[in-house]
Amino acid sequence: MAKPIVSHSGYGIGKNDVRFMRVRRDGDRYYVTELWVSTELQLSTVGDYERGDNSGIVATDSQKNTVLVLAKQNEITSPEQFAMLICSHFLGTCKQLIRCKVSIEQAPWQRIKQGGAEHSHAFISQPSAIRFCTVSQLRGGALKVSGGMKDVKVLKTTQSGFEGTIDHVLPETSNRTFCTNLSLKYDFREDVHGVDFNGTWETVKSSLLDVFAGYSHSVQNMMYDTAKVVFARVPKINDVEIRMPNIHYYVADLLKLPNSGELLNNPQGMISATFSRPLQAKL
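This report concerns the structure included in the present document. For every chain, the first residue of its written sequence is number 1, and the numbers climb from 1 along that sequence. The model is predicted, so local features are restricted to residues of pLDDT at least 70 and side-chain atom pairs to those at 80 or more, both for listing and for counting; the totals for chains, interfaces and linings are taken over all residues. Only hydrogens and water are set aside when side-chain values are computed; all heavy atoms of the structure are taken into account.

Only DSSP runs of H or I reaching four residues or more are called helices, and only runs of E reaching two or more are called strands; each is numbered from the N terminus. Scanning the chain for helices and strands turns up five helices and twelve strands. Counting only residues that meet the buried cut, the chain has 37% of its 283 residues in that class. Each accessible area is a Shrake-Rupley estimate made with a 1.4 Å probe; only the visible protein chains count as cover when residues are assessed. As displayed, the chain offers around 16,700 Å² of accessible surface, 52% of which is attributable to carbon and sulfur atoms. Per-residue accessibility, obtained with a 1.4 Å probe over protein chains only, is compared with the maximum for each type, and a residue is labelled buried under 20%, exposed over 50%, and partly exposed between these values.

This is the structure:
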């Protein structure tokens, strides 16, 4: 028998960026959840690729419609919970699937405040951080759940240092302005039963900001300290991946004009790292 001309190592069909807003009313108070959902399904056969047999395909528009129906019929308590629901639905109803992956981003709507009180039905978009999550599951396998945040732009005008480098290209300093637009992703241990996903996200965000506001010897040192705090505060998190572009603000060279730090310019660099908990010995 002749060998196939084309081999495959991975395949899937999905729908990207299914956007919807879920509005819930409790008396005179309204609640909104806007999610951007992407799905990816893997079939147990490759007949659609090799023979044009489309009988097992879950069409991309069917995936979109399924997401919208599930959003209409179910309460959404967190992006992670909804992603887990989508995975459970597809694997439970489509026997030809062997894997489902769902990625979700959440729009940052917050209540408008008037006179110090939160408005009952008016909201403002305040993207201090974009929340996201990914859930994937093989048929018969454990859920893999991750969460995180991106587009977190923060700046501090002191308490940032960079000293002791071997090449001396950058000027050494123990007191510089530091800015970054960072992303952070965290992976949960396999057992996510009972996890407060909303509380976890808030805890990770506050941990990140707590470390950022303190003194750091370098960006690398800041990322390491962030991972340590996250591991200490959230036992269910097993891995943390952080990307921190270093948006430099150097004192601008104004030639003969004096400049003691009032005017800065900003080239950028990129630093990233992934941290994991040490493996625990099994007794």
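Here Asp 239 shows up in strand β9 (residues 237-248). Lys 185 provides the closest opposite charge to the buried, salt-bridge-free Asp 239, at an N-O distance of 7.5 Å. The term polar contact refers here to a pair of N or O atoms within 3.5 Å; inside protein, the definition further demands a hydrogen-donor-capable atom paired with an acceptor-capable atom, and it admits residues adjacent in sequence only when both atoms are side-chain atoms. Of note is the side chain of Asp 239, whose polar atom sits 3.5 Å from the side chain of Asn 238. Here Ser 276 takes part through its side chain, which lies 2.3 Å from a polar atom of the side chain of Asp 239. Between two residues, a contact is recorded if the distance between any of their heavy atoms is within 4.5 Å. Beyond its immediate stretch of four places on either side in the chain, Asp 239 contacts Lys 185, Tyr 186, Asp 187, Phe 231, Phe 275 and Ser 276. Counted charges follow a simple rule, with Lys and Arg positive, Asp and Glu negative, and His plus the chain ends left uncounted. Within this document, salt bridges are pairs made up of a side-chain nitrogen of Lys or Arg and a carboxyl oxygen of Asp or Glu, the two lying within 4 Å of each other.

In this analysis, the expected span of each helix is defined as 1.5 Å times one less than the number of residues it contains. When the terminal C-alpha atoms of helix α2 (residues 60-73) are compared, their 20 Å separation across 14 residues agrees well with the 20 Å that a helix rising 1.5 Å per residue should span. Looking only at α2, the buried set comprises Gln 63, Thr 66, Val 67, Leu 70 and Ala 71. Each buried residue of α2 lies within a common arc of 130° when the element is viewed along its axis, so the set occupies one face. Exposed side chains of α2 directed beyond 90 degrees from the buried face belong to Lys 72 and Gln 73. The inward-facing, buried residues of α2 contact β1 (13-26), β2 (29-43) and α3 (79-93). Within this analysis, the arc is defined by the directions that extend from the helix axis to the C-beta atoms.

Right, let's get into the pattern of salt bridges. In this structure the tally under the stated criterion is ten salt bridges. Two residues, Lys 15 and Asp 61, come together in a salt bridge whose shortest N-O distance is 2.9 Å. In this pair, Lys 15 sits in strand β1 while Asp 61 sits in helix α2, placing the two residues 46 residues apart along the sequence. A relative accessible area of 41% means that Asp 61 is categorised as partly exposed. Residue Asp 225 is joined to Lys 228 by a salt bridge in which the shortest nitrogen-to-oxygen separation is 3.8 Å.

Glycine aside, negative phi is the norm for most residues, and most peptide bonds take the trans geometry. Even without a glycine there, the phi angle at Asp 17 is positive, about 60°. As for its position among the elements, Asp 17 is in strand β1. Phi is positive for Asp 151, which is not a glycine, with a value near 55°.

Turning our attention to the packing of α2 against α3. Where α2 contacts α3, the two axes come as close as 11 Å, and the packing angle between them is 125°. Put simply, α2 runs oblique to α3. In the packing of α2 onto α3, the handedness of the crossing is right-handed. Mapping the contact onto sequence places Gln 63, Thr 66, Val 67, Leu 70 and Ala 71 in α2 and Phe 82, Ile 86, His 89 and Phe 90 in α3. The residue classification treats Ala, Val, Leu, Ile, Met, Phe, Trp, Tyr, Cys and Pro as nonpolar and Asp, Glu, Lys and Arg as charged. All others, Gly included, are polar. Looking at the contact of α2 with α3 residue by residue, the class counts come to six nonpolar, three polar and no charged. Comment: axis = line fitted to C-alpha atoms, over the contacting stretch for helices; angle = value between 0 and 180 degrees taken between N-to-C directions. Here roughly perpendicular refers to angles of 65 to 115 degrees, roughly parallel to angles under 35, roughly antiparallel to angles over 145, and oblique to all remaining angles. Each crossing gets its hand from how the near helix is turned against the far one by less than a right angle, where anticlockwise is left-handed and clockwise is right-handed.

Here the focus is the nonpolar core. Val 37, Phe 82, Ile 237 and Val 240 are the most contacted members of the largest nonpolar core, which totals 55 residues. Setting aside chain neighbours within four positions, we find Phe 82 in contact with Phe 20, Leu 35, Val 37, Val 67, Leu 70, Ala 71, Ile 76 and Ile 104. Only buried residues count toward a nonpolar core, which is a set of Ala, Val, Leu, Ile, Met, Phe, Trp, Tyr and Cys residues joined through side-chain atoms within 4.5 Å.

This part covers the environment of Val 102. Relative to the elements of secondary structure, Val 102 occurs in strand β3 (residues 97-106). Taking the C-alpha atoms as reference points, Val 102 and Leu 41, separated by 61 residues in sequence, lie 8.8 Å from one another. Not counting residues within four places of it along the chain, the set of residues in contact with Val 102 comprises Val 37, Ser 38, Thr 39, Ala 83, Ile 86, Cys 87, Cys 133, Thr 134 and Val 135.

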